[in-house]
Amino acid sequence: MNELIDNTFKIFTKITNSKTGLLLRFNNFESSVMSFVGNNISKFEEFNQALSHLHRSKGIDYDSVENLPVYKSIINDLNVQSCFIRNVYSINEQNDSVYLFLFSDDINKFFHSENDVCMSILNILSNQVKEFYYETLNNKSLLPFADVKVDSDTIVINWKENFKNLLQISNDLIFMLDKEGCFLKVNESGALLLDYSERELLGKHFLELVPAEKNIEVSEAISKMLQSDKVIKFTTNLKTKLDRLVSFEITGRTIIRDGKVIGMLSIGNDISRMKKYEDELIKLKPKLKESQRLISLERARLWQQSSLIEELDRLKSEFVSNISHEFRTPLASIIGFSETIVSDPDLPEEMKWEFNNVILNEGKRLAKLINDVLDISNIEGGKIILNKISFDLVEMLKEVVERNRESAIKKRIVLEFEHPKSQILIEADKEKIGQSFEALINNAIKFTNEDGRVIVIANNLFKEVEIIISDTGIGIPEKDLPYIFQKFYRVSRPGTEIPGTGIGLVFVKQMIDLHKGMISVQSEIGNGTTFVVKFLKSFKAKN
Ligand code: ADP
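Residues numbered from 1 in each chain as written. Predicted model: local features only at pLDDT ≥ 70, side-chain atom pairs only at ≥ 80, totals over all residues. Heavy atoms only, no water.

In this structure, Asn79 takes a positive phi of about 60° despite not being glycine. The phi torsion at Asp195 lies on the positive side, around 65°, for a residue other than glycine. Assignment of secondary structure puts Asp195 in the loop between helix 9 (188-193) and helix 10 (198-201). (Helix = DSSP H or I, 4+ residues; strand = E, 2+ residues; numbered from the N terminus.)

In this section: the confidence of the model for the protein chain. In the predicted model, the protein chain carries a mean pLDDT of 85, and the fraction of residues at 70 or more is 92%. This model gives residues 140-153 a pLDDT under 50, and the stretch forms 10 contacts once residues within four places in sequence are excluded. (pLDDT = per-residue confidence, 0-100. Contact = heavy atoms within 4.5 Å.)

With that out of the way, let us pick up helix 12 (residues 272-343). Residue pairs three or four apart in sequence face the same way in an α-helix, which turns once every 3.6 residues. Compared with an ideal rise of 1.5 Å per residue, which puts 72 residues at 106 Å, helix 12 spans 101 Å between its outermost C-alpha atoms and is within 8% of the ideal. The sharpest bend along helix 12 comes to roughly 35°, located at Leu284, with the proline Pro286 sitting one to four residues further on. When helix 12 is considered as a whole, its buried residues turn out to be Leu315, Phe319, Asn322, Ile323, Glu326, Pro330, Ser333, Ile334 and Ile341. Summarising the contacts, the buried residues of helix 12 are in contact with helix 13 (349-380). (Expected span 1.5 Å × (residues − 1). Bend = angle between axes of the 7 residues up to and from the residue. Buried < 20%, exposed > 50% of the residue type's maximum accessible area, 1.4 Å probe, protein only.)

Once that is clear, we can look at the sheet that holds strand 11 (residues 414-418). Backbone-to-backbone hydrogen bonds pair the strands of a sheet. The strands run either parallel or antiparallel. Pairing is mixed in the open sheet, where five strands are placed in the order 11-13-14-16-15. Here the strands that pair on one side only, and so sit at the sheet edges, are strand 11 and strand 15 (518-524). For this sheet, the mean angle separating the axes of adjacent strands, direction not counted, is 10°. Against the sheet, helix 14 (residues 393-410) contacts strand 11, strand 13 (453-460) and strand 14 (464-471), and its axis sits at roughly 175° relative to strand 11. The strands touched by helix 15 (residues 430-446) are strand 11, strand 13, strand 14, strand 15 and strand 16 (528-536); relative to strand 14, the strand with the most contacts, the crossing angle is about 25°. (Pairing = 2+ DSSP bridges. Axes fitted to C-alpha atoms, helices over the stretch in contact; angles between N-to-C directions.)

This paragraph deals with the site of the ligand. With respect to spatial proximity, 20 residues lie near the ligand, and among them Asn443, Arg490, Arg493, Thr501 and Leu505 are the closest. The contact in question runs from an oxygen atom of the ligand to an N or O atom on the side chain of Arg490, over 2.8 Å. Contact between the ligand and Arg493: an oxygen atom at 2.6 Å from a side-chain N or O atom of the residue. Protein chains shield 98% of the accessible area of the ligand, which is 520 Å² for the free molecule. When contributions to the shell around the ligand are tallied by element, the ones reaching two or more residues are helix 15, helix 16 (504-514) and strand 16. The dominant element in the shell around the ligand, judged by the number of residues it contributes, is helix 15, at three residues. (Near = heavy atom within 4 Å. Polar contact = N/O pair within 3.5 Å; in protein donor to acceptor, adjacent residues only side chain to side chain. Areas by Shrake-Rupley, 256 points an atom, 1.4 Å probe, with all protein chains shown as cover.)

With that settled, consider the environment of Val80. Its place among the elements puts Val80 in the loop between helix 4 (69-78) and strand 3 (82-91). In contact with Val80, other than residues within four places in its own chain, are Lys19, Ile75, Phe103, Ser104 and Asp105.

We now examine the nonpolar core. One broad rule of soluble globular proteins: the nonpolar side chains tend to lie buried together. Ranked by internal contacts, the top residues of the largest apolar core, which has 40 residues, are Leu393, Phe437, Leu440, Ile467 and Phe535. Not counting residues within four places of it along the chain, the set of residues in contact with Leu393 comprises Ile424, Ile426, Ile433, Phe437, Val465 and Ile467. (Core = buried A, V, L, I, M, F, W, Y, C linked by side-chain atoms within 4.5 Å.)

This brings us to the sheet that holds strand 2 (residues 31-38). An order of 2-1-4-3 is seen for the four strands of this open sheet, with the pairing classed as antiparallel. Each of the sheet's edge strands pairs with one partner strand only, and the pair in question is strand 2 and strand 3. Strand after strand, the sheet turns through a mean of 15° between neighbouring axes, direction not considered. On the sheet, helix 1 (residues 3-15) packs against strand 1 (18-26), strand 2, strand 3 and strand 4 (96-104) and is oriented at approximately 50° with respect to strand 2. Running at roughly 45° to strand 1, helix 2 (residues 44-57) makes contact with strand 1, strand 2 and strand 4 of the sheet.

Structure representation (structure tokens):
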């Protein structure tokens, strides 16, 4: 500390024949050794603490020190008679004092020589200490709280007390372990977290609270803490007195004095609740992900549904305008021709007959249209009843082809039917299947320009019959192919408005499906379209 003080102190020890000597400095915050000579005092820490306490409470004097149990055992350990105690220097404002302690066999030495050598050396020492203080006081940075104002001093003086209160109200486990790992101090509220009282925990080894499976891990963390002066953090469960397990995050650091580790100071943060929430959160995570997945699936489904509904809406309104148009055309003819017949009584019989014929045909067209719409809604409502019979498909197709001959001729379209000589029996609703092929052949003629060709082929396969309806017409764009069997779907062909309602192929597909048949389509824009229909043959005799 200071060579001069050290030397004077050594001389004084020699003169008084003391075995051990201490020059101790106390203030409100700390105590420190200014100089030390002679034998080691094993219980120094305890002695120092007791003296600090005395200094703060009533001051240090021989009588009060003599009554300290630790003093008695030190005298014993050092094998000396007594101790000479003197206050060497004091600064009252700071409650800062330096005391001299000399342990000797012959206590009288001090008193005999007090008036001469001893006294003068004490004076010298006192002055040296004073000077040392003067120097350090001028160098304020060396003095803690040197520039603290008088008002705040009160707070500072009560610092330890306030700090103690703070520890007691803290929700954390704040503790001090000695270098062996035993509890030296613990805050009351912290001890309660472990179902112990403060007193019960003191002296207990920290590892006693650690469950067996965590013992190695925690020991390693503590030895790591002891080997460095860095702050170490670790988490562990601690066993409470009632055998509960509480999770703590422990943050600790060693307490070092004179280069030696004398203990550990730690704060344990109770993270049980946090862990519980964390565990629950971990458990909930897959459920959350699953719900998110379901929600996104549901959202996609709803989106699909809504776009489907929008599309259906659009198709429906298109259908309404198309069907109105389809109704209006024959109705206009019917009304027009009937009016002519009624308004002109002189109309030749021949013409009347021709007009009547037009009215009849247009009426039939209207009836067919209405039937088609009703059929679709019947199929969808599951109301359709199939009247299945075993019949010759070739014969039926011949009739359908012939029914369309006239409209083909009108457009100079070559209409052919290729079929095997033998009959091909299928078991189906003859009328509905007839209507389906009628619609397919009808479309083939409708969507083929004049001078084109429409061919119907019936192929008798092993178990099936294959019917091909192929035309050299305008074709269907590739992008429309997947939708042509959908209700009200019509290929938009700007500039070439061909009448229709978009329900013909819906009926065809639904009928073929009901008969467990198959329909497929191939088309090339500008080069024609080919529909292929397949049915299982019937091996029953014709009805
Ligand atoms: P539509 O009453 O409009 O003819 P369909 O259901 O019969 O309704 O046909 C749906 C759509 O398929 C039609 O709008 C048409 O564009 C297309 N289509 C059907 N058959 C043919 C074909 N042979 N050639 C070209 N396009 C066809």
